[in-house]
Amino acid sequence: QSLANTMWAFACVDWKEPQLFVAVADASSERLETMRDEELSQLYLVSLHFRLVWPDRNFSLSHCHQRLRSAYQRREPTPSRLQRDVAAALDRLGWTHVFEHV
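To keep things clear, this report deals only with the structure shown in the data block. (Residues numbered from 1 in each chain as written. Predicted model: local features only at pLDDT ≥ 70, side-chain atom pairs only at ≥ 80, totals over all residues. Heavy atoms only, no water.)

### Re the overall build of the protein
Of regular secondary structure, the protein possesses five helices and zero strands. Start at the N end of the protein and walk to the C end: the helices and strands fall as α-α-α-α-α. Radius of gyration (C-alpha) of the protein: 16 Å, far over the 13 Å computed for a compact globule of 102 residues. Across its three principal directions, the C-alpha atoms of the protein cover 50 × 30 × 20 Å. Within the protein, residue pairs in contact and separated by at least 24 positions form 63% of the contacts whose partners lie at least 6 positions apart. Summed over all atoms, the accessible surface of the protein reaches about 6,900 Å², with 54% contributed by carbon and sulfur. Here the protein contributes 12 positively and 13 negatively charged side chains, and the mean placements of these two sets differ by 2 Å. (Helix = DSSP H or I, 4+ residues; strand = E, 2+ residues; numbered from the N terminus. Rg over C-alpha atoms; globule rule 2.2 N^0.38 Å. Contact = heavy atoms within 4.5 Å. Areas by Shrake-Rupley, 256 points an atom, 1.4 Å probe, with all protein chains shown as cover. Lys, Arg positive; Asp, Glu negative; His and termini not counted. Charge placed at Lys NZ, Arg CZ, Asp CG, Glu CD.)

Structure below.
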């Protein structure tokens with residue numbers, strides 16, 4: 001869990017050094033068989049970030065992209081409290097909107 005959390009945290013702050021992602025992904029690949037869907041889902045999001053930021057580089061978990069994606073798709077949507085609060089405020093205002101489940 002800590003490896004996936006670390007990678008996701010660096011992706012969220014738009015870390016610009018791909019070597020960190022590659023090193024942690026390499027360490028994660030040895031533990032994939034024991035990871036739960038939560039960790040695999042985070043690694044899927046990290047892999048998307050990596051492909052967007054460094055499209056010309058190979059992400060070391062690319063070989064299991066489909067497995068990571070499947071884990072992400074199996075998870076229930078967990079909207080943040082902020083998302084729920086904004087949706088509730090828009091409802092009170094009568095604004096038509098679509099609640100995003102991410």
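Having seen the structure, we can now continue with the description.
### Things to note about the pattern of salt bridges
Think of it this way: side chains of opposite charge can pair up when their charged atoms draw near. The full count for this structure, using the stated rule, is six salt bridges. The salt bridge involving Glu38 is made with Arg36; its shortest N-O contact spans 3.2 Å. Since its relative accessible area comes to 48%, Arg36 is described here as partly exposed. Three or more residues joined by partner-sharing salt bridges are found here, namely Arg36, Glu38 and Glu39. (Salt bridge = Lys/Arg side-chain N within 4 Å of Asp/Glu carboxyl O. Buried < 20%, exposed > 50% of the residue type's maximum accessible area, 1.4 Å probe, protein only.)

### Points about the nonpolar core
Formed by 19 residues in total, the largest nonpolar core has its most connected members in Met7, Phe21, Leu32, Leu43, Phe59, Leu61 and Leu68. Mapped by element, the contributors of at least two residues to this core are helix 1 (2–12), helix 2 (18–29), helix 3 (37–53) and helix 4 (65–74). When residues of this core are assigned to their parent elements, the largest contribution, five residues, is made by helix 3. In this structure Leu43 touches Ala4, Met7, Ser28, Leu32, Met35, Leu61 and Leu68, once residues within four positions along its chain are discounted. (Core = buried A, V, L, I, M, F, W, Y, C linked by side-chain atoms within 4.5 Å.)

### What to know about the packing of helix 1 against helix 2
Where helix 1 meets helix 2, the axes come as close as 10 Å, and the angle between the chain directions of the two elements is 160°. Considering the angle they form, helix 1 stands roughly antiparallel to helix 2. Between helix 1 and helix 2 lies a crossing of left-handed hand. Facing helix 1, whose interface residues are Leu3, Met7, Phe10 and Ala11, helix 2 presents Leu20, Phe21, Val24, Ala25, Ala27 and Ser28. (Axes fitted to C-alpha atoms, helices over the stretch in contact; angles between N-to-C directions. Parallel < 35°, antiparallel > 145°, perpendicular 65-115°, else oblique. Left-handed = near helix turned anticlockwise from the far one by under 90°.)

### A closer look at helix 1
Within the span of helix 1, buried status applies to Ala4, Met7 and Ala11. In an axial view of helix 1, the angular spread of the buried residues amounts to 70°, which keeps them on one side of the axis. Away from its buried face, by an angle of more than 90 degrees, helix 1 presents the exposed residues Ser2 and Cys12. Tucked inside the fold, the buried residues of helix 1 contact helix 2 and helix 3. (Arc of directions from axis to C-beta.)

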